[in-house]
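Each chain, letter by letter, is given below.
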Amino acid sequence: MHMKSTKKISDKGLEELPLITVITLSYRSKHLYDAVRSVLSQNYPSIQYIISDDATEDFDKDCLLRFIEQKNKGNICQALVLHHKTNIGTVANYNRALHEAKGKYIFPLAADDLYVNENVLYRWTQAFAEANAPVMCAYCDNYDEAMQNFLGRWPRPDHARILAKGNTEAIYRVMERVKILPGATMARTSDSLQTLGYFDETYRLLEDYPFAMQTLRRGAPIAFWPYSAVIRRGGGVSDGKKPHPQLVKDMEVFYEREVYTFSTDPNRLREYLENRKRKNMTILNFQKKWASSGLCGRLALSLRFPSCFARRVYHRMFRI
């Protein structure tokens, strides 16, 4: 995995930048310290770093704080580590962290993920300041669980073009059918906590999709920064190959509350989404069989499922 760096930042530019907040949510996170190192490596001069753990049994808050203190280059103005005694779920955990945020801009970094290089927060903050929007997303680069194989960039090119145009109604209509705003890069202004509210605790694990739909319905712009910001590790609760049962329940509630209720043609939309669900199941089954098959087995699969094979070739060629 190659992490490209950008040019060195001038000290003058750094001095003019506001305090920002980075939030990392943790729960039994094997790679938490990798994420922390990624934040500590940033060149941005004024960071409040909040890590909020959702009742991991052996979580060592003091050890983590000592690690941050030892590695701090001086730009982490405040390190705040929260640890809940009982598991409250991703959404409530995120909201608890947001209540502690003091930065003008609030950036996410999941405990399994990394920033693409040490200058991301500097460049992202500059773009956010110029965007005049309460929410801003960027590309994220998807990797496998071992962070060895690049799986593609999200959002895909056609969806990125829609986001770049900034038409909230057009984005909303696409989002009824497919999520094109990466939650891994969904940054917010601190002002948006008052104007748009916190994440909806009707859901336990699903925070970004309901928030995005509610924001778009209000006509609030969601800006798109057309650069990769986060390297996203596969294998989490939102991994499409093995979704968490609670996330599946959240998605069912989400579609009833946030999609069908406001759709101009809910029956047609419901039929489309049901057909897509069946298609996705076929694709997942194909991928599982492909991974466990030899040459002859793969040849048979390509003949039996030509559309799935064509999709695999397309994704491998264009890395999307």
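Small disclaimer: the values here were computed from a predicted structure and weren't measured.

1. Quick notes on the pattern of salt bridges
Right, so step 1: According to the stated counting rule, one finds 11 salt bridges in the structure shown.
Right, so step 2: The partner of Glu 176 in a salt bridge is Arg 173, and the shortest N-O contact between them spans 3.0 Å.
Right, so step 3: The partly exposed category is assigned to Arg 173, whose relative accessible area is 32%.
Right, so step 4: Of the charged contacts, one joins Glu 258 and Arg 217 as a salt bridge, the two residues approaching to 2.5 Å between their closest N and O atoms. Note that Glu 258 is positioned in helix α10 (residues 245–259) and Arg 217 in helix α9 (residues 208–217), a separation of 41 residues in sequence.
Right, so step 5: With relative accessibility at 4%, the residue Glu 258 sits in the buried group.

2. Let's talk about the side chain of Ser 228
Right, so step 1: Within the secondary structure layout, Ser 228 lies in strand β9 (residues 222–233).
Right, so step 2: The class of Ser 228 is buried, set by a relative accessible area of 17%.
Right, so step 3: Side chain to side chain, Ser 228 and Asp 141 meet in a polar contact 2.9 Å long.
Right, so step 4: Among the polar contacts listed, one links the side chain of Ser 228 to the side chain of Arg 153, at a separation of 3.1 Å.
Right, so step 5: Excluding residues within four positions of it along the chain, Ser 228 makes contact with Val 116, Val 120, Tyr 139, Asp 141 and Arg 153.

3. A closer look at the confidence of the model for the chain
Right, so step 1: Summing up the model confidence of the chain, the mean pLDDT is 89 and the portion of residues at 70 or higher is 90%.
Right, so step 2: Scored below 50 in pLDDT, residues 1–12 makes 21 contacts in the model with residues more than four places away or belonging to other chains.

4. A word on the nonpolar core
Note on soluble globular proteins: their nonpolar side chains tend to be buried together.
Right, so step 1: Counting residues in each nonpolar core, the largest one holds 45 residues, and the members touching the most others are Val 22, Val 36, Tyr 49, Phe 107, Tyr 115, Leu 121 and Trp 124.
Right, so step 2: The dominant element in this core, judged by the number of residues it contributes, is helix α5 (residues 120–131), at six residues.
Right, so step 3: Judged by nonpolar contacts, the second largest core, of 42 residues, contains Ile 23, Met 186, Phe 211 and Ile 222.

5. So, unusual backbone geometry
Right, so step 1: Residues Trp 154 and Pro 155 are joined by a peptide bond in cis, for which omega reads 0 degrees.
Right, so step 2: If you trace the backbone, Pro 155 turns up in the loop between β7 (150–154) and α6 (157–165).
Right, so step 3: A positive phi is found at Asn 132, a non-glycine position, where the angle reads about 55 degrees.
Right, so step 4: Mapped onto the fold, Asn 132 is located in the loop between α5 and β6 (135–143).
Right, so step 5: Located in the positive-phi region is Met 147, a residue other than glycine, with phi close to 60 degrees.

6. Topic: the packing of helix α7 (residues 168–175) against α9
Right, so step 1: Running from amino to carboxyl end, α7 crosses α9 at an angle of 145 degrees, the nearest separation of the two axes being 9 Å. Seen from above, α7 lies across α9 with left-handed handedness. From α7, Thr 168, Ile 171, Tyr 172 and Met 175 reach across to α9, where they touch Tyr 209, Ala 212, Met 213, Leu 216 and Arg 217.

About the thresholds
- Residues numbered from 1 in each chain as written.
- Predicted model: local features only at pLDDT ≥ 70, side-chain atom pairs only at ≥ 80, totals over all residues.
- Heavy atoms only, no water.
- Salt bridge = Lys/Arg side-chain N within 4 Å of Asp/Glu carboxyl O.
- Buried < 20%, exposed > 50% of the residue type's maximum accessible area, 1.4 Å probe, protein only.
- Helix = DSSP H or I, 4+ residues; strand = E, 2+ residues; numbered from the N terminus.
- Polar contact = N/O pair within 3.5 Å; in protein donor to acceptor, adjacent residues only side chain to side chain.
- Contact = heavy atoms within 4.5 Å.
- pLDDT = per-residue confidence, 0-100.
- Core = buried A, V, L, I, M, F, W, Y, C linked by side-chain atoms within 4.5 Å.
- Axes fitted to C-alpha atoms, helices over the stretch in contact; angles between N-to-C directions.
- Left-handed = near helix turned anticlockwise from the far one by under 90°.

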